[in-house]
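# Descriptive analysis of the structure
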Amino acid sequence: MSIAVVGSIGLDTIQTPAGRVHEVLGGSAAYFALAARYFLPVSVVAVVGDDFPGEARAMLDVPDVDLSGLEVSAGKTFRWEGVYSDDMNTRATIRTELNVFERFDPKLPERTRALRNVFLANIDPVLQRNVLGQLSRPQLVLADTMNYWIRNKRAELMETLKQVRILIINEEEAREISGEALTHKAARAILSMGPETVVVKQGEHGAFLQSASVYFSCPGLPIETVVDPTGAGDTFAGGFFGALARMGRVNDHNLRRAVVYGCVLASFTVEGFGVTGLARVTREAILSRAEAIADMTRFSLSDTARILR
Ligand code: AMP
């Protein structure tokens, strides 16, 4: 059992109050794969240019990440540059150079077509649907999207959403898809568009999950030193999907636990530039942070009758 991820791989230039890095490994598929592999093997389907440095490839070329679907195309690799505000809650995109990513037409290797679990990272909703068409029996289909597709390819996105079982988006995107200002209402509105579950990422405040039968909210971990939030959302998706697919059954209990693992994995990403925070994670550290969340959210109702007049 493995997970296929289709998304971007690129070179990021990032400036935060903690410093600046130039052209380091980035892209949604990179963060997703490096998080999900703690639970299940991941097959990456993406494209890079012939200038993609060996150093960046080596960071992805780790146990349980299959790079046979990483196409190397003649031309330049996708590049992105962002600058964060002082509180790191907002960022400005300085530059997006799509390069070979502009002509990305995902072709799944034969072995990957049989996979049941697929994460459609933030790409054109038409391509997301093409990928689903290549899978022989997709079962657990998760997807992400962004404001650009919501605004410019709404009808296509709506078609894709009909085939998506779990949508993972941030608060702003949830509002924009649904037209609802309140995020919990936005999540419920999205449930009528196709997905049976919606996960809304809330940055440093964690994430919540909404399905027909469960609403579950998980706080963000109080991290002492936030260095770079880039990729936290895709890392969340990797932790969430990895844990859920590994648990095997999609039920309320497992969905709740998967949200916790999403928050835990994302907490490591923000501690270092690019994928460095994620790359040094241990299983013990994951468990310890999951226990910290269990502890942070534990409380008792036993005295309620006495304190409530
Ligand atoms: P996040 O911080 O979770 O939004 O993810 C940031 C990652 O998304 C960076 O590594 C970027 O390389 C990548 N990225 C930025 N813009 C795009 C885009 N238009 N399409 C695909 N990936 C992108």
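You'll find the structure just up there.
Structural notes, computed from the coordinates. Position numbers for residues count from 1 along each chain, tracking the sequence in the order it is written. Owing to the predicted nature of the model, reporting of local features is limited to residues with pLDDT of at least 70; listing and counting of side-chain atom pairs is limited to 80 or more, with chain, interface and lining totals taken over all residues. In computing side-chain properties, one takes all heavy atoms of the structure into account and sets aside hydrogens as well as water.

### Notes on the layout of surface pockets
In this structure, the second largest pocket spans a volume of roughly 220 Å³. Around the second largest pocket, the lining residues are F216, S217, C218, P219, R256, R257, V260, Y261, A290, I293, A294 and T297. Each helix is a run of DSSP H or I of at least 4 residues and each strand a run of E of at least 2, with the numbering of both proceeding from the N terminus. At the level of elements, β13 (215-218), α10 (252-269) and α12 (283-296) are the ones that each hand at least two residues to the lining of the second largest pocket. A per-element tally of the lining of the second largest pocket places α10 first, with 4 residues. Classification convention: Asp, Glu, Lys, Arg as charged; Ala, Val, Leu, Ile, Met, Phe, Trp, Tyr, Cys, Pro as nonpolar; all other residues, Gly among them, as polar. Residues that form the lining of the second largest pocket fall into these classes: 8 nonpolar, 2 polar and 2 charged. Here a cavity denotes grid points, spaced 1 Å and computed from the protein atoms alone, that fit a 1.4 Å probe unable to get out, and a pocket denotes an open set having protein on both sides within 12 Å along at least 5 of 7 lines; residues with an atom within 4 Å of a point are the lining. Grid points are joined across faces, edges and corners, and a volume is the space filled by probe spheres set on the points.

### Focus: the site of the ligand
The cutoff for a nearby residue is simple: one of its non-hydrogen atoms must lie within 4 Å of the molecule or strand. Looking at the ligand, there are 14 residues lining it, with S8, D12, G27, R91 and G231 nearest. Distance and chemistry together define a polar contact, namely a pair of N or O atoms within 3.5 Å, with one atom able to donate a hydrogen and the other to accept it when in protein, and with adjacent residues in sequence counting only for side-chain atoms on both sides. At a separation of 2.7 Å, an oxygen atom of the ligand approaches a polar backbone atom of G27. G231 places a polar main-chain atom, nitrogen or oxygen, 2.7 Å from an oxygen atom of the ligand. Out of a free accessible area of 500 Å², the ligand has 83% covered by protein chains. Secondary-structure elements contributing two or more residues to the shell around the ligand are β6 (78-84) and α9 (232-247). Along the lines of polarity and charge, the residues of the shell around the ligand split into 4 nonpolar, 7 polar and 3 charged. Computed with a 1.4 Å probe, the accessible areas rest on the Shrake-Rupley method; for each residue, only the protein chains presented here act as cover.

### Notes on the pairing of β6
Relative accessibility under 20% of the residue-type maximum defines a buried residue, over 50% an exposed one, and the middle range a partly exposed one, all with a 1.4 Å probe and only protein chains included. Burial analysis of β6 places 6 of its 7 residues in the buried class, the great majority of the element. By the convention used here, strands pair only if DSSP detects at least 2 bridges between them. As paired elements, β6 and strand β7 (residues 91-97) share 6 bridges and run antiparallel to each other. By the bridge assignment, R79 is partnered in β7 with E97.

### Things to note about unusual backbone geometry
In this structure, E23 takes a positive phi of about 50° despite not being glycine. Residue placement: E23 occurs in strand β3 (residues 19-26). Using a relative accessible area of 27% as the deciding quantity, one classes E23 as partly exposed. Phi is positive for M88, which is not a glycine, with a value near 65°. Mapping M88 onto the fold places it in the loop between β6 and β7.

### Brief notes about the environment of W149
Mapping W149 onto the fold places it in helix α5 (residues 147-152). Judged by its relative accessible area of 14%, W149 is buried. When neighbours within four sequence positions are excluded, W149 is seen to be in contact with N122, I123, D124, P125 and R154. Polar contacts involving the side chain of W149 include one to the side chain of N122, which spans 3.0 Å. Throughout, a contact is declared for two residues whenever any of their heavy atoms are within 4.5 Å.

### Remarks on the state of the cysteines
Two cysteine sulfurs form a disulfide in these notes if their separation is within 2.5 Å. All chains considered together, the criterion is met by 0 disulfides. A disulfide-free cysteine, C218 has its sulfur positioned 3.5 Å from the sulfur of C263, the nearest such atom. A relative accessible area of 1% places C218 in the buried class.

### As for the packing of helix α4 (residues 125-134) against helix α6 (residues 154-161)
Two numbers describe a pair of packed helices, the interaxial angle and the distance between the axes. Helix axes are fitted only over the stretch in contact, all axes being lines through C-alpha atoms; the angle between N-to-C directions runs from 0 to 180 degrees. Closest axis-to-axis distance for the α4/α6 pair is 8 Å, and the angle between their directions is 30°. The angle between α4 and α6 places the two elements in the roughly parallel class. For the element pair α4 and α6, the recorded crossing hand is left-handed. For the pair α4 and α6, contact is made by P125, V126, Q128 and R129 and by E156, L157, E159 and T160, respectively. Here the contact of α4 with α6 is built from residues that sort into 3 nonpolar, 2 polar and 3 charged. Put simply, angles under 35 degrees are roughly parallel, angles over 145 are roughly antiparallel, angles from 65 to 115 are roughly perpendicular, and the rest are oblique. Take the far helix as your reference; a near helix turned counterclockwise from it by less than a right angle gives a left-handed crossing, and one turned clockwise gives a right-handed crossing.

### Re the nonpolar core
Think of a nonpolar core as a cluster: buried Ala, Val, Leu, Ile, Met, Phe, Trp, Tyr and Cys residues, connected wherever their side-chain atoms sit within 4.5 Å. One finds I9, F32, V44, I166, F236, F240 and V264 to be the most contacted residues of the largest nonpolar core, which totals 64 residues. Here this core gets 9 residues from one element, more than from any other, and that element is α10. Setting aside anything within four residues of it in sequence, one finds F236 in contact with I168, V199, K201, A207, V259, G262, C263 and A266. In terms of nonpolar packing, the next biggest core, distinct from the first, is built from 41 residues, A4, I177, A186 and M193 among them.

### Let's talk about the pattern of salt bridges
Working definition: two side chains of opposite charge can pair if their charged atoms are close together. What makes a salt bridge here is a side-chain nitrogen of Lys or Arg within 4 Å of a carboxyl oxygen of Asp or Glu, nothing more. One pass over the structure, following the stated rule, counts 17 salt bridges. For E81, the salt bridge identified is with R95, shortest N-O distance 3.0 Å. Placement of the pair is E81 in strand β6 and R95 in strand β7, with a sequence separation of 14 residues. Put simply, R20, K76, E81, R95 and E97 are held in one network by salt bridges that share partners.

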